[in-house]
Amino acid sequence: MSEMQTEYPAHRDSRESLTAWREAQPDNAFLDDAHFRRTLEVYRDPQIHDDLDDDLEEFGAEVAGPIDELARQNDRPGNHPELDRWSDFGQRTEQIAHHPSYHEVGRRIYGSGVMAAYRDAPNSVGALSRFYLSSYNGEAGHNCPLACTAGVIRVLQHLAPDRLRDRYLDGFLNPDYDEHLEGAQFMTEIQGGSDVGQNATRARRADDGSWRLWGEKWFCSNVDADVFLMTARFAEDVEGTSGLGLFFVPRRLEDGELNNFRIRRLKDKIGTRAMASAECDFEGAVAYHMGPEEEGFKNMMRHVINTSRLYNAFACLGSARRAYVTAQTYSRFREAFGRPIVQYPLIQETIADVKAEVDAAVSGSMYLAALQDRIDADLATEAGEDFFRMALNLNKVRTAKLSRWAATRGIEVLGGNGAIETFSVLPRLLRDSIVTENWEGTHNTLQMQVMRDIDKYGIHEGFFEILGELVEASAESEGQRAETVRREMRQSKVALQEVASMDEEAATLQMRPLMDRLARLMYASVRLWERSQYPDAPSDVDDASLDHFIGRHIGTRPDPEDRSHRERLALLAGID
Ligand SMILES: Cc1cc2nc3c(=O)[nH]c(=O)nc-3n(C[C@H](O)[C@H](O)[C@H](O)COP(=O)(O)OP(=O)(O)OC[C@H]3O[C@@H](n4cnc5c(N)ncnc54)[C@H](O)[C@@H]3O)c2cc1C
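This write-up is about the structure you can find in this document. For clarity, every value in this text was computed on a predicted model and none was experimentally measured.

Here we look at the overall build of the protein
At step 1: Within the protein, the regular secondary structure consists of 16 helices and 11 strands.
At step 2: Whereas a compact globule of 576 residues would reach a radius of gyration of roughly 25 Å, the protein reaches 24 Å, a difference of no more than 12%.
At step 3: Oriented by its inertia axes, the alpha-carbon framework of the protein measures out at about 75 × 70 × 50 Å.
At step 4: For the protein, contacts bridging at least 24 residues in sequence account for 74% of all contacts bridging at least 6.
At step 5: Accessible area of the protein: about 24400 Å², with a carbon and sulfur share of 47%.
At step 6: Averaged over its 67 positive side-chain charges, the protein has a centre that lies 4 Å from the centre of its 97 negative ones.

Concerning the site of the ligand
At step 1: Lining the immediate surroundings of the ligand are 18 residues, of which T188, G193, S194, S221 and T442 lie closest.
At step 2: Between the ligand and the protein, one listed contact pairs a nitrogen atom with a backbone N or O atom of F219 at 3.1 Å.
At step 3: Within the contact set of the ligand, a nitrogen atom lies 3.4 Å away from a side-chain nitrogen or oxygen of W439.
At step 4: Contact with the protein chains hides 64% of the accessible area of the ligand, taken as 970 Å² for the molecule alone.
At step 5: Looking at the shell around the ligand, the elements that each hand over two or more residues are β3 (183–186), β5 (211–221) and α12 (443–457).
At step 6: Among the elements that make up the shell around the ligand, the one with the highest residue count is β5 (3 residues).
At step 7: A per-class count over the shell around the ligand returns 7 nonpolar, 10 polar and 1 charged.

Details of helix α11 (residues 426–436)
At step 1: With 9 of 11 residues buried, α11 is to be regarded as a mostly interior element.
At step 2: Residues of α11 that are buried include every one of L426, P427, R428, L429, R431, D432, S433, V435 and T436, and no others.

Thoughts on the pattern of salt bridges
At step 1: Following the criterion strictly, the structure yields 50 salt bridges and no others.
At step 2: A salt bridge links R321 to D32, with the shortest nitrogen-to-oxygen separation between them at 3.0 Å. In this pair, R321 sits in helix α8 (residues 296–333) while D32 sits in the loop between α1 (9–23) and α2 (34–43), placing the two residues 289 residues apart along the sequence.
At step 3: For R321, a relative accessible area of 7% translates into the label buried.
At step 4: Salt bridges here are not isolated pairs; linked through shared partners, they connect E478, R481, R527, R531, D542, D543 and D547.

Describing a negative patch on the surface
At step 1: Taken together, the side chains of D50, D51, D54, E57 and E58 define an acidic patch exposed on the protein surface.
At step 2: Accessibility expressed as a relative area gives 37% for E57, which makes it partly exposed.

Thoughts on helix α5 (residues 124–134)
At step 1: Within α5, 11 of the 11 residues are buried, which leaves the element mostly enclosed by the surrounding structure.
At step 2: Packed against the buried residues of α5 are α2, α3 (52–74), α4 (100–111), α6 (143–158), α8 and α9 (345–376).

Topic: the nonpolar core
At step 1: Grouped together as the largest cluster of nonpolar side chains are 145 residues, with contacts concentrated most on F248, F387 and F463.
At step 2: Examining the composition of this core, we find that 16 residues originate from one element, α8, more than from any other.
At step 3: The contacts of F248, once residues within four sequence positions are left out, are V152, L156, L164, Y168, V227, F228, L229, V286, A287, Y288 and M290.
At step 4: If you look at the next biggest cluster of nonpolar residues, it comprises 25 residues, including A184, V249, L258 and A278.

With respect to the packing of α2 against helix α14 (residues 504–533)
Any two packed helices are characterised by the angle at which their axes cross and by the distance between the axes.
At step 1: Packing of α2 against α14 brings their axes to within 9 Å, and their N-to-C directions diverge by 70°. On the basis of their axis angle, the class for α2 and α14 is roughly perpendicular. The residues of α14 that touch α2, namely those facing H35, T39, V42 and Y43, are V526, R527, W529, E530 and Q533.
At step 2: Counted by class, the contact of α2 with α14 contains 4 nonpolar, 3 polar and 2 charged residues.

What counts, and where the lines are drawn
Residues numbered from 1 in each chain as written. Predicted model: local features only at pLDDT ≥ 70, side-chain atom pairs only at ≥ 80, totals over all residues. Heavy atoms only, no water. Helix = DSSP H or I, 4+ residues; strand = E, 2+ residues; numbered from the N terminus. Rg over C-alpha atoms; globule rule 2.2 N^0.38 Å. Contact = heavy atoms within 4.5 Å. Areas by Shrake-Rupley, 256 points an atom, 1.4 Å probe, with all protein chains shown as cover. Lys, Arg positive; Asp, Glu negative; His and termini not counted. Charge placed at Lys NZ, Arg CZ, Asp CG, Glu CD. Near = heavy atom within 4 Å. Polar contact = N/O pair within 3.5 Å; in protein donor to acceptor, adjacent residues only side chain to side chain. Nonpolar A, V, L, I, M, F, W, Y, C, P; charged D, E, K, R; others polar. Buried < 20%, exposed > 50% of the residue type's maximum accessible area, 1.4 Å probe, protein only. Salt bridge = Lys/Arg side-chain N within 4 Å of Asp/Glu carboxyl O. Patch = residues over 30% accessible without salt bridge, like charges linked within 9 Å, V, L, I, M, F, W, Y side chains within 5 Å. Core = buried A, V, L, I, M, F, W, Y, C linked by side-chain atoms within 4.5 Å. Axes fitted to C-alpha atoms, helices over the stretch in contact; angles between N-to-C directions. Parallel < 35°, antiparallel > 145°, perpendicular 65-115°, else oblique.

Rendered as structure tokens:
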């Protein structure tokens, strides 16, 4: 062996342990996720979710197996989407050329029934359970399209005239990727995304009652979709969001011709790179208004943006769960100073923190998915609807921060290897998470919306009413924990009242930490309630995860000298 080829035993052993780590990755993202499976027991509706576990088990194997590899391929430099504007014979198509792996991922994800679940409408629980699993691989080129497609399905189910519903709905529900339809949603213009009331794209009614849109949209994700939902100004003299309608814009017209729009260029993005985001001009694009014009923006928020905010949360959670799994498995194989790093309390604490946060947010988000279904079935109370409106925005912010934080904590556990794109999924998850923090409303915008909703509609009353019910339902079984959460609820109410009495600028500054605090209170309350609904006793890991979450945020901070605290960290880090 030449000197260049020499491999010292220490090198060989390290390489072998890294190989063993790769091989020890779970082969089923559903079966490996005990907390999610348990949570599902609470929200599963036997009437419509009879086969859900079997479907998720099958999909969980795809997610951890072939989709994982394909998603890695489709995000590799050189494999990203490209604008393919003309057909071979010179017809304008405004198409996107994707790497074959993009379509293979799509076949498997849509084939899971993620959008077909809405045939049993309302069924956010069924759709979002699948979506959570598919997000184990980050954006994978398809998360944003799925969220947008879910929005179009809701619009077709709730607002569209029969003619459009009959023509399009089946295509959006079709699980066959090679036949199905996808949606997109274009609101943002160059003058601002948060301040949507500044939208300048114009809509003019045509003689046949349809509309024509003129204007420029600055961020158009999934630009190769079959239908775009768009905001545009239906009346010149009505300012702000009240003058914005909700338009359904098919990519192709009834005669098969391309609708009147052009892609300027594709965006070169930090994350979600396998999915095409563009800048577009609309030059008299044929459009149909959904619902009454004067309710256009309200409907856009209710059916489209709120749906995307819930999807965004599940996307972040799937990704955060993957960061946990990656770090937790690595820590068992990587050695430093003669011991597997999982034996160091600092590593255990990092992994335990991520696990407790993800479990809590999965519970909170599943509760919201089930509540969305109750609202759609007209079964929710007024307090429930107010709770949903407030909790949805708290949850969007919290899960988006969690996703980025979990990716960085994971990278920390992997050390230098964590920063290497080919070594693990973590750099891609981190890049994607920066986008999910901005999509569907930035943190500040959502915070301002919560403040306005509290001020204008008093939605915090319903929020606290539901939290109170959740905690009281668990009071008997959860004794001390319930008391701790009850105390935090009282204190947060006081904190909220103090903020409400401040001048607007001071309130804005106080609201930022309060948003996180309220989201965590919501998670803890839901976690307690879920435990009172489980058919059998919670596991030791479930207990540890909840206690660690409460200790981090709500109760007394754990004493590092407390032996039971250290045992909890070890358990959550996966040391049996
Ligand atoms: C990769 C990617 C894809 C996207 N795809 C789409 C798409 O398909 N369709 C679509 O419509 N949009 C899309 N967006 C746009 C996204 O929704 C916007 O970026 C987002 O809404 C924020 O708008 P903005 O970028 O114009 O920021 P701005 O609105 O200019 O905000 C700039 C900063 O000011 C803050 N700010 C704004 N108002 C306030 C306030 N009142 N108080 C305090 N702070 C405030 C914001 O929080 C932010 O920090 C996409 C974005 C990205 C990154």
